[in-house]
Amino acid sequence: MKGQTISKLFEGINLNNIKLNIRIAMAPMTRSRAIGYVPNDLMVKYYQQRASAGLIITEGIAPSPNGLGYARIAGIYSQEQIDGWKKITDVVHAEGGKIFAQLMHVGRVAHPVNMPAGAKVLAPSAVAATGEIWTDAEGMQPYATPAEMNGEELQAAIQEFVNTSKNSIEAGFDGIELHGANGYLLEQFLNPHTNTRTDAYGGSVENRIRFVVEVTKRVAEAIGKERVGIRLSPYNQFNGMSLYDEVFETYDKLTKEIGKLDIAYIHLVDYAARQYNADLIDIIRSNFSGTYILNAGYTLERANEVLEAGVADMVSFGSPFISNPDLPHRLQNNIALTQPDPSLFFTPGEQGYIDYAFAAETENANA
Ligand SMILES: Cc1cc2nc3c(=O)[nH]c(=O)nc-3n(C[C@H](O)[C@H](O)[C@H](O)COP(=O)(O)O)c2cc1C
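Note that this is a predicted model, so its numbers are computed, not measured.

Engineer: Can you explain the pairing of strand β14 (residues 314-317)? Please cite residues and give values.
Structural biologist: On any regular strand, side chains alternate: one points to one face of the sheet, the next to the other face. Residues of β14 alternate between two faces, with M314 and S316 on one and V315 and F317 on the opposite face, all of them buried. Here strand β3 (residues 24-26) pairs with β14 via three bridges, running parallel. From the neighbouring strand, A25 faces β14, where its bridge partner is S316. Relative to β14, strand β13 (residues 291-295) runs parallel, the two being bridged by three bridges. Bridged to N295 within β14 is S316.

Written out as structure tokens, the structure is:
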């Protein structure tokens, strides 16, 4: 009989008025199973299997056709999509879990072949990402060069986040997470290499953070500040993003503004900040009085360290949840983790998605 791990990770936490059973979140992960941009029964099963997380944050969900740049990702702008997500929130709630929708507008990280007819690849500025993106119809293709959003398109994009945050509540989500990390639309506004605008949304740090602050404020007004979180990744270089002089100042000012909006949480992808300027991790915490979730590469031991030290309130795990649907149970009972197969991360179908075993099944299989 293996002993149970005593850890703050397994204590409950009050995320504003939402009571979470444990402090382990499932990090948002695109899995590309949404054929036709609509959630389906396979996805219902996947999320149901992982409902023992204290909080599930879904894969990135597009707030409009323009936000769908990858193959087989879902939106939440149509009634059919809302109804599909409702089945997912229902099963997670039936299992006692909580679930936030991650609203992800990919901006320039896109290819038109992956998008419905009429959708446009839009970004703060017409700067293409270097590299290639997968398309089902034409294999690997260079990233599209986005069109620079005009003033009307920019306001429309803000409105899309507002509309789909309301749709998310209609679909039964406990709240939404704005994807401000990993080089997608919101971060494209923050970074001066992808935002070369000369209007009120580009140039100075104050101008570059404006879009993110406005989206956060408008969404919080629409559905309630206690239902809104935001994900950030300072010093991120993923998706063709590059470093710039004022990273520290940008995130310091941004999180002070977000602090004033008093939203539920900040979810930090912290590994690049640890490498370039770890002080920023603590500065962000001091700028913000809500729940602070850290992510990227955490083990049980490192998660315990940051919770015990008061550096964070929760930790999210990504890839370990792919291959261990019962991750909290395994961590708590010192059961070995299964390694995921990255070649199946984004493939359609059940394999590498809903066929990872629960610990008891593994033990039976080995018996
Ligand atoms: C297959 C896969 C898909 C991902 N998709 C998203 C996504 O849609 N939104 C997001 O914010 N991060 C996404 N990420 C990043 C994860 O949320 C997380 O930051 C990363 O996996 C590091 O955490 P980990 O070491 O616990 O896996 C993805 C990661 C993986 C492995």
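Moving on, there is more to tell.
Engineer: Quick one: what's the story with empty space enclosed by the protein, residue by residue and with numbers?
Structural biologist: With the rule as written, the count across this model stands at one cavity of 30 Å³ or more. As a volume, the largest cavity reaches approximately 50 Å³. Surrounding the largest cavity, E187, N191, S233, P234, Y235, N236, S242, L243, Y244, V247 and Y251 form its lining.

Engineer: Please give an account of the site of the ligand that cites residues and values.
Structural biologist: Near the ligand you find 18 residues, and of these P28, T30, R231, N295 and G297 are the closest. With respect to the ligand, the side chain of Q102 contributes an N or O atom lying 2.9 Å from a nitrogen atom. One of the side-chain N or O atoms of N182 is found 3.4 Å from a nitrogen atom in the ligand. Protein contacts shield 84% of the accessible area of the ligand, which totals 600 Å² for the unbound molecule.

Engineer: Could you give an account of the sheet that holds β14, with specific residues and numbers?
Structural biologist: Adjacent strands of a sheet pair through backbone hydrogen bonds, lying either parallel or antiparallel. An order of β3-β4-β5-β10-β11-β12-β13-β14 is seen for the eight strands of this closed barrel, with the pairing classed as parallel. Each strand axis lies, on average, 25° off the axis of its neighbour in the sheet, ignoring direction. Relative to strand β4 (residues 55-61), β3 runs parallel, the two being bridged by two bridges. Across the sheet, residue M26 finds its bridge partner in β4, namely I56. Here helix α7 (residues 247-261) sits on the sheet in contact with β11 (228-232) and β12 (265-269), set at roughly 175° to β11.

Engineer: Break down the environment of R108 for me, with residues and values.
Structural biologist: The topology assignment puts R108 in the loop between β5 (99-103) and β6 (122-123). Judged by relative accessible area, which is 2%, R108 ranks as buried. Along the primary structure R108 and E148 are separated by 40 residues, whereas in three dimensions their C-alpha atoms are 9.8 Å apart. Among the polar contacts listed, one links the side chain of R108 to the backbone oxygen of N239, at a separation of 3.4 Å.

Engineer: Describe the nonpolar core, listing the residues and the values that go with them.
Structural biologist: If you look at the biggest cluster of nonpolar residues, it comprises 88 residues, and the most contacted ones within it are Y47, W85, L178, F211, L254, L294 and F317. Here F317 is in contact with I24, A25, M26, A27, N295, Y298, T299, A303, L327 and L331, once residues within four sequence places are set aside. Membership of the second largest hydrophobic core comes to 16 residues, among which are A62, Y70, I133 and A144.

Engineer: Just give me the short version of the packing of helix α3 (residues 151-170) against helix α6 (residues 210-223), but keep the residues and values in it.
Structural biologist: At a minimum axis distance of 9 Å, the contact between α3 and α6 shows a crossing angle of 35°. Between α3 and α6 lies a crossing of right-handed hand. Every residue of α6 that contacts α3 at L154, Q155, A157, I158, Q159, F161, V162, S165, K166 and I169 is listed here: F211, E214, V215, R218, V219, A222 and I223. A per-class count over the contact of α3 with α6 returns eleven nonpolar, three polar and three charged.

Engineer: Quick one: what's the story with the pattern of salt bridges, residue by residue and with numbers?
Structural biologist: If you walk through the whole model with that rule in mind, you get 15 salt bridges. Put simply, K217 and E221 hold a salt bridge, and the shortest N to O gap is 3.3 Å. With K217 and E221 both in helix α6 and four residues apart, the pair spans about one turn of that helix. Residue K217 is classed as partly exposed on the basis of its relative accessible area, which comes to 42%. The class for E221 is exposed, based on a relative accessible area of 54%. Salt-bridge contacts for K256 lead to D252; the nearest nitrogen and oxygen are separated by 3.2 Å. Pair noted here: K256 and D252 are both in helix α7, with a separation of four residues, about one helical turn.

Engineer: Describe the pairing of strand β7 (residues 132-135), and please don't skip the residues or the numbers.
Structural biologist: Burial along β7 is one-sided: I133 and T135 are buried, and none of E132 and W134, which face the opposite way, are. Taken together, the four bridges between β7 and strand β8 (residues 139-142) define a ladder with antiparallel strand orientation. In the sheet register, T135 faces β8, and the bridge partner there is G139.

Engineer: With reference to specific residues and values, describe the packing of aromatic side chains.
Structural biologist: Applying the stated criterion to the full structure yields nine aromatic pairs. Relative to F211, the ring of F189 has its centre 4.0 Å away and its plane inclined at 10°; by these criteria the two rings are stacked. Here the residue F189 occupies a position in helix α4 (residues 185-190), and F211 occupies one in helix α6, the gap between them amounting to 22 residues. Like F211, F189 is buried. Ring centres of F345 and F346 lie 6.2 Å apart, and the angle between their planes is 85°; on these two criteria the pair is classed as edge-to-face. By relative accessible area, F345 is classed as buried at 18%. We classify F346 as partly exposed; its relative accessible area is 48%. Ring pairing ties together the aromatic residues Y46, Y47, W85, F173 and Y353, which thus form one cluster. The ring of Y298 carries R302 above its face, with NZ or CZ at 4.0 Å from the centroid.

About the criteria used
Residues numbered from 1 in each chain as written. Predicted model: local features only at pLDDT ≥ 70, side-chain atom pairs only at ≥ 80, totals over all residues. Heavy atoms only, no water. Buried < 20%, exposed > 50% of the residue type's maximum accessible area, 1.4 Å probe, protein only. Helix = DSSP H or I, 4+ residues; strand = E, 2+ residues; numbered from the N terminus. Pairing = 2+ DSSP bridges. 1 Å grid on protein atoms, 1.4 Å probe; cavity = no way out; pocket = protein on both sides within 12 Å on 5 of 7 lines; lining within 4 Å. Points joined across faces, edges and corners; volume = space filled by probe spheres on them. Near = heavy atom within 4 Å. Polar contact = N/O pair within 3.5 Å; in protein donor to acceptor, adjacent residues only side chain to side chain. Areas by Shrake-Rupley, 256 points an atom, 1.4 Å probe, with all protein chains shown as cover. Axes fitted to C-alpha atoms, helices over the stretch in contact; angles between N-to-C directions. Contact = heavy atoms within 4.5 Å. Core = buried A, V, L, I, M, F, W, Y, C linked by side-chain atoms within 4.5 Å. Left-handed = near helix turned anticlockwise from the far one by under 90°. Nonpolar A, V, L, I, M, F, W, Y, C, P; charged D, E, K, R; others polar. Salt bridge = Lys/Arg side-chain N within 4 Å of Asp/Glu carboxyl O. Phe/Tyr/Trp six-rings, centres within 6.5 Å; stacked < 30°, edge-to-face > 60°. Lys NZ or Arg CZ within 6 Å of the ring centre and 35° of its normal.

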